Amino acid sequence: MKKVSLKSSLLLLLTAFIWGVAFVSQSVGMDYLGPLSFNGIRFLMGGVVLLPVIAYNRAKKKSMGHRPENLKTTVTGGISCGFVLGIAALLQQYGILYTTVGKAGFITTLYIILVPFFGIFLKKKVPGKVWTGAVIAALGLYLLCMGESLSLGRGDTLVFLCAILFSVHILVIDYFSPRTDGVELSCIQFLTAGMIAGILAFIFENPRPQDFINGILPLAYAGILSSGVGYTLQVIGQKDMDPTVASLILSLESVFSVLAGWVILRQVLTGRELMGCCLVFGAVILVQLPAKKSG
């Protein structure tokens with residue numbers, strides 16, 4: 001198991017914060033655009049905004065005499081991550097149309113359980129405290145997001161499939177991030193996801209230029225910060241982080257989304273939701289406690 005580093009933890013925590021606040025922009029953005037159009041533009045924006053960063057990094061590495069990472073591996077990894085990310089994001093957007101935000105939030109973050117489960121098949125060792133933390137976090141997310149009984153309808157099923165794909169996305173990044181440049185990998189995955197959604201948008205939706213102009217603010221946050229910055233921080237942060245621990249930290253996205261709704265949208269936190277926040281934070285702290293040394 002990879003060693004947990006403070007720097008990686010903070011990067012993933014910042015990622016969770018950016019994604020949590022993005023809930024507001026995604027909700028507002030859907031007032032102007034369909035799911036395919038919104039996702040297509042946000043991911044393409046996320047990819048384009050990283051191009052100057054890539055150019056700067058490459059020039060810096062060249063001046064220092066460093067050899068660039070394997071291009072074939074970077075492209076393969078970026079397309080693989082982008083394909084999974086694009087489909088997962090679309091399933092989430094469509095799922096929210098048919099279910100409540102509370103159910104969608106809880107079901108999506110089931111990746112904190114699915115990641116260690118899938119890790120077993122990849123012969124990854126998962127310490128007992130991580131399993132305990134995953135169960136505590138799942139309970140916290142239930143209290144935080146669920147306001148009604150759990151039953152799987154059409155939207156719930158779509159969001160559950162999204163959670164499975166987000167789990168796969170975390171594991172794919174875990175494989176490729178140590179072997180590639182994180183920014184380049186992130187850029188390629190955004191362009192891939194954006195092209196998938198964009199092509200489908202022109203086939204199944206009828207986006208108008210004015211719709212993109214009207215929704216430019218939520219698009220800018222979702223594209224530049226949530227996509228360009230957030231997913232890039234995820235790729236970089238996971239380089240020195242076990243994927244199961246990473247998924248638990250990223251699950252704080254649900255906590256931050258509720259807090260963002262409280263601060264920005266003036267929504268009130270109930271005692272149940274506050275208890276859920278405490279349980280999720282406690283789970284993340286638990287899995288990062290140093291293990292006892294034997295002997």
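Note that this is a predicted model, so its numbers are computed, not measured.

Cut-offs used in this document
- Residues numbered from 1 in each chain as written.
- Predicted model: local features only at pLDDT ≥ 70, side-chain atom pairs only at ≥ 80, totals over all residues.
- Heavy atoms only, no water.
- Axes fitted to C-alpha atoms, helices over the stretch in contact; angles between N-to-C directions.
- Helix = DSSP H or I, 4+ residues; strand = E, 2+ residues; numbered from the N terminus.
- Parallel < 35°, antiparallel > 145°, perpendicular 65-115°, else oblique.
- Contact = heavy atoms within 4.5 Å.
- Nonpolar A, V, L, I, M, F, W, Y, C, P; charged D, E, K, R; others polar.
- Salt bridge = Lys/Arg side-chain N within 4 Å of Asp/Glu carboxyl O.
- Phe/Tyr/Trp six-rings, centres within 6.5 Å; stacked < 30°, edge-to-face > 60°.
- Buried < 20%, exposed > 50% of the residue type's maximum accessible area, 1.4 Å probe, protein only.
- Lys NZ or Arg CZ within 6 Å of the ring centre and 35° of its normal.
- Expected span 1.5 Å × (residues − 1).
- Bend = angle between axes of the 7 residues up to and from the residue.
- Patch = residues over 30% accessible without salt bridge, like charges linked within 9 Å, V, L, I, M, F, W, Y side chains within 5 Å.
- Areas by Shrake-Rupley, 256 points an atom, 1.4 Å probe, with all protein chains shown as cover.
- Left-handed = near helix turned anticlockwise from the far one by under 90°.

A. Geometry of the packing of helix α8 (residues 154-176) against helix α11 (residues 216-237). Running from N to C, α8 and α11 point in directions that differ by 55 degrees, and their axes come no closer than 9 Å. The orientation of α8 with respect to α11, classified from their angle, is oblique. In this structure, α8 uses F166, H169, I170 and I173 to contact α11, whose residues at the interface are Y231, Q234 and V235. Taken together, the residues of the contact of α8 with α11 sort by class into 5 nonpolar, 2 polar and no charged.

B. Quick look at the pattern of salt bridges. The final tally for this structure, using the stated rule, is 3 salt bridges. A salt bridge links K61 to D181, with the shortest nitrogen-to-oxygen separation between them at 2.9 Å. Pair noted here: K61 is in helix α3 (residues 51-63) and D181 is in the loop between α8 and α9 (182-204), with a separation of 120 residues, a long-range link.

C. Structural view of the packing of aromatic side chains. This structure, assessed with the given rule, holds 3 aromatic pairs. Their ring planes at 85 degrees and their centres at 5.3 Å tell us that F17 and F256 sit as a pair that is edge-to-face. Within this pair, whereas F17 is found in helix α1 (residues 6-29), its partner F256 is found in helix α13 (residues 252-263), the two being separated by 239 residues in sequence. Relative accessible area serves as the criterion here: at 14%, F256 is assigned to the buried category. Ring centres of F43 and F190 lie 6.3 Å apart, and the angle between their planes is 15 degrees; this geometry places the pair in the stacked category. In this pair, F43 sits in helix α2 (residues 35-48) while F190 sits in helix α9, placing the two residues 147 residues apart along the sequence. Relative accessible area serves as the criterion here: at 1%, F43 is assigned to the buried category. The aromatic ring of Y98 is capped on one face by R154, whose charged end is 4.5 Å from the ring centroid.

D. Highlighting α1. In a regular helix each residue adds 1.5 Å, so 24 residues correspond to 34 Å; α1 covers 34 Å between its end C-alpha atoms and thus fits that length. At F23, α1 shows its strongest bend, of approximately 30 degrees.

E. Focus on the side chain of H169. Residue placement: H169 occurs in helix α8. Every residue in contact with H169, bar those within four places of it in the chain, is listed here: C81, V84, L85, Q189, Y231 and Q234.

F. Quick peek at the side chain of S247. For S247, the location among the structural elements is in helix α12 (residues 243-250). Looking at S247, the relative accessible area reads 0%, which means it is buried. Apart from the residues lying within four places of it in its own chain, the contact partners of S247 are Y111, I112, V115 and I170.

G. Examining a nonpolar patch on the surface more closely. Nonpolar side chains collect at one region of the surface, where V49, I224, L225 and V229 lie side by side and expose about 250 Å² of accessible area between them. Mapped onto the elements of the fold, I224 is located in helix α11.

H. The arrangement of the packing of α8 against α12 in detail. Running from amino to carboxyl end, α8 crosses α12 at an angle of 130 degrees, the nearest separation of the two axes being 10 Å. The angle between α8 and α12 falls in the class oblique. Note on packing geometry: the crossing formed by α8 with α12 is right-handed. Where α8 approaches α12, its residues I170, L171 and D174 are matched on the opposing element by P243, S247 and L250. Here the residues of the contact of α8 with α12 are counted per class, giving 4 nonpolar, 1 polar and 1 charged.

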